[in-house]
Amino acid sequence: MRDVLVVGAGVVGLSIALEAQSRGLSARVIEREGPAAGASAGNAGAFAFPDILPLASPRIMRQAPKWLLDPLGPLSVPLGYAPRLLPWMWRFWRASRPAQVAASTAAQTAMMRHAQGTLDGFLARAGASNMLRREGQLQVYEGRAEFEASLEGWRARQEAGVEFRHLEGDEVQAMQPGLSPRFTHATFTPGWATIDEPKAYVETLAEKFRSNGGEIIIADAEALTADGLRTSAGEMTGRVVIAAGAYSHHLARTAGARIPLETERGYNTTLPEGAGGIDLRQHITFPAHGFVISRLNGRLRVGGAVELGGLKAPPNYKRADAMLRKARAFFPALDTSGGTQWMGLRPSLPDSLPAIGPLPGHPNVICAFGHGHLGLTQSTATADIVADLLTGKAPGIDMAPFSPARF
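Because the structure is predicted, anything quoted here is derived from the model rather than measured.

Draft legend 1. Layout of the sheet that holds strand β14 (residues 239-242). The mixed open sheet is built from 6 strands, whose spatial order is β10-β2-β1-β14-β21-β20. Because the sheet does not close on itself, it has two edges, and the strands there are β10 (215-218) and β20 (355-359). Between one strand and the next, the sheet's axes are offset by a mean angle of 20 degrees, whatever the strand orientation. With 5 bridges joining them, β20 and strand β21 (residues 362-369) adopt antiparallel strand pairing. What sits directly across from P358, in β21, is I366.

In structure tokens, the structure reads:
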């Protein structure tokens, strides 16, 4: 018997397994493919601590109709999947009301502070401190009107204590040479950090976990049981942590819990090392276009967008192509040849907050999923909280907004 059975070997699951070990617990990780096989492998590598605003908001509700008219735009819902999405969208709409947005922002702010506070210690224990870069992030705007439309969000961040600096004209070019002059305004957030290579980082966590005596079992987690977990490799006993990303709700459902997890399908193209043709000095976000450019170990990754299309549909790489064309227009010297395309499944809950805590009616099962775009960012905070719950310690933040029972 293991003290803890962690389902999922992505960045959240392996962070939890390592933190459990640091608290003296024995852990086993169950993963159907292997470490970093899902969204943890191909993300943009960001610890996006200033990103405290929920996706569910009046701003997104205003923009969504325009975006949905563009099949390759920042937000897409395949027509065949739309009827299945309606209950989730109704919850998303309810979460977009001002009072709920304020509550979600406060909860996300607390989670981000906890993530910042736990990151350095966790990286040191994992032997991964040398993989972190603190270069900040630049959000760029095409014209004054677009910039001024962003100010409401920056005021909310200011109230939450997020550090930032607005730039205009030549200041933008000085911060990021080679950017098209169509971007007349920008905002720099120094609190943003980047991991050198997301897949290598998660593999480092896996190696450290194994070296500490942990097991990673390649098997399907089929159902929760009274004593643990039924898997394709046999019955296993222990407390269960569900950290299976976009597939987590299926396992929760075997115990009768229905948690409204949806799949944000994200796309990117990674340009090869030595290519690109631009000096990218920090993570660049194009908020009106829903994508980013990040630098990872000499390579450039162009990606983002949201396609709410479920788990089973084949990738639509035209979405990655569209972002790459825009990146070429926004950085005229960018060489976009020789890239590798990727699609990943982000686990998304309608109020933009993860589900962390006991599964309703099952105190020996802990949920740790639904982080959306912020799985890497919030991985160390989630690990710390789950380890607290496993050892009977009160977590360092109010857990009510993250309760799996809130739906």
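Draft legend 2. Main features of the sheet that holds strand β3 (residues 46-47). Pairing in this open sheet of 3 strands is antiparallel, and the strands run β3-β9-β5 from one edge to the other. At either end of the open sheet lies a strand with only one pairing partner, and these are β3 and β5 (132-133). Relative to strand β9 (residues 193-195), β5 runs antiparallel, the two being bridged by 2 bridges. Within the sheet, the bridge partner assigned to L132 lies in β9 and is I195.

Draft legend 3. Here's a closer look at empty space enclosed by the protein. Tallying each qualifying case throughout the model produces 1 cavity of 30 Å³ or more. There is about 40 Å³ of room inside the largest cavity. L72, G73, P74, H289, A305, A322, M323 and K326 are the residues that line the largest cavity. Counting residues per element, the lining of the largest cavity draws most heavily on helix α10 (residues 318-330), at 3 residues. Grouping the amino acids of the lining of the largest cavity by side-chain chemistry returns 5 nonpolar, 2 polar and 1 charged.

Draft legend 4. Geometry of helix α1 (residues 11-22). Between its first and last C-alpha atoms α1 spans 16 Å; for 12 residues at 1.5 Å apiece the expected length is 16 Å, and the two agree. Among the residues of α1, V11, V12, G13, L14, S15, I16, A17, L18, E19, A20 and Q21 are the ones counted as buried.

Draft legend 5. Spatial organisation of the packing of aromatic side chains. Taken as a whole and judged by the stated rule, the model has 10 aromatic pairs. A centroid spacing of 4.8 Å and a plane angle of 25 degrees characterise the contact between F286 and F291, whose relative ring orientation is stacked. Take F286 and F291: they sit in the same class, and that class is buried. Above the ring of Y247, the side-chain terminus of R32 is found at 4.0 Å from the ring centroid.

Draft legend 6. Main features of the side chain of E31. Relative to the assigned elements, E31 resides in strand β2 (residues 27-31). At 5.1 Å, R32 is the nearest oppositely charged side chain to E31, a buried residue that forms no salt bridge. At 2.8 Å, the side chain of E31 forms a polar contact with the backbone nitrogen of A9. Not counting residues up to four positions away in its chain, the partners in contact with E31 are G8, A9, I217, I218 and A219.

Draft legend 7. Structural context of the pattern of salt bridges. Taken as a whole, this structure holds 20 salt bridges when the rule is applied. For R144, the salt bridge is made with E168, and the minimal N-O distance between the two is 2.8 Å. With R144 in helix α6 (residues 144-159) and E168 in strand β7 (residues 165-168), this pair connects stretches of sequence that are 24 residues apart. The partly exposed category is assigned to E168, whose relative accessible area is 40%. One network of salt bridges, in which partners are shared, links E19, R23, R125, D384 and D388.

Draft legend 8. Molecular detail of unusual backbone geometry. Despite not being glycine, N297 shows a phi value in the positive range, around 50 degrees. By the element assignment, N297 lies in the loop between β17 (291-296) and β18 (299-308). Of note in this structure, S352 is not a glycine but carries a positive phi near 70 degrees.

Draft legend 9. Spatial organisation of the packing of α1 against helix α8 (residues 198-211). Between α1 and α8, the least distance of the axes is 10 Å, while the angle of their chain directions is 30 degrees. Classed by the angle they form, the pair α1 and α8 counts as roughly parallel. The chirality of how α1 crosses α8 is left-handed. Each of V11, L14, S15, A17, L18 and Q21 in α1 lies in contact with α8, whose residues at this interface are Y201, V202, L205, A206, K208 and F209.

Draft legend 10. Quick peek at the environment of R299. By the element assignment, R299 lies in strand β18. Spatially, the C-alpha atom of R299 lies 9.7 Å from that of G339, the residues being 40 residues apart in sequence. Not counting residues within four places of it along the chain, the set of residues in contact with R299 comprises E197, T270, L271, P272, E273 and S294.

Draft legend 11. Structural detail: helix α4 (residues 82-95). Between its first and last C-alpha, α4 extends 19 Å over 14 residues, near the 20 Å set by a 1.5 Å rise per residue. Considering bend angle alone, the principal kink of α4 is centred on W88 and spans about 35 degrees. Taken as a whole, α4 has its buried residues at L85, W88, F92 and A95. In this fold, the buried residues of α4 make contact with α3 (58-68), α5 (98-126), β15 (262-271), β18 and β19 (340-348).

Criteria and cut-off values
Residues numbered from 1 in each chain as written. Predicted model: local features only at pLDDT ≥ 70, side-chain atom pairs only at ≥ 80, totals over all residues. Heavy atoms only, no water. Pairing = 2+ DSSP bridges. Helix = DSSP H or I, 4+ residues; strand = E, 2+ residues; numbered from the N terminus. Axes fitted to C-alpha atoms, helices over the stretch in contact; angles between N-to-C directions. 1 Å grid on protein atoms, 1.4 Å probe; cavity = no way out; pocket = protein on both sides within 12 Å on 5 of 7 lines; lining within 4 Å. Points joined across faces, edges and corners; volume = space filled by probe spheres on them. Nonpolar A, V, L, I, M, F, W, Y, C, P; charged D, E, K, R; others polar. Expected span 1.5 Å × (residues − 1). Buried < 20%, exposed > 50% of the residue type's maximum accessible area, 1.4 Å probe, protein only. Phe/Tyr/Trp six-rings, centres within 6.5 Å; stacked < 30°, edge-to-face > 60°. Lys NZ or Arg CZ within 6 Å of the ring centre and 35° of its normal. Lys, Arg positive; Asp, Glu negative; His and termini not counted. Salt bridge = Lys/Arg side-chain N within 4 Å of Asp/Glu carboxyl O. Polar contact = N/O pair within 3.5 Å; in protein donor to acceptor, adjacent residues only side chain to side chain. Contact = heavy atoms within 4.5 Å. Parallel < 35°, antiparallel > 145°, perpendicular 65-115°, else oblique. Left-handed = near helix turned anticlockwise from the far one by under 90°. Bend = angle between axes of the 7 residues up to and from the residue.

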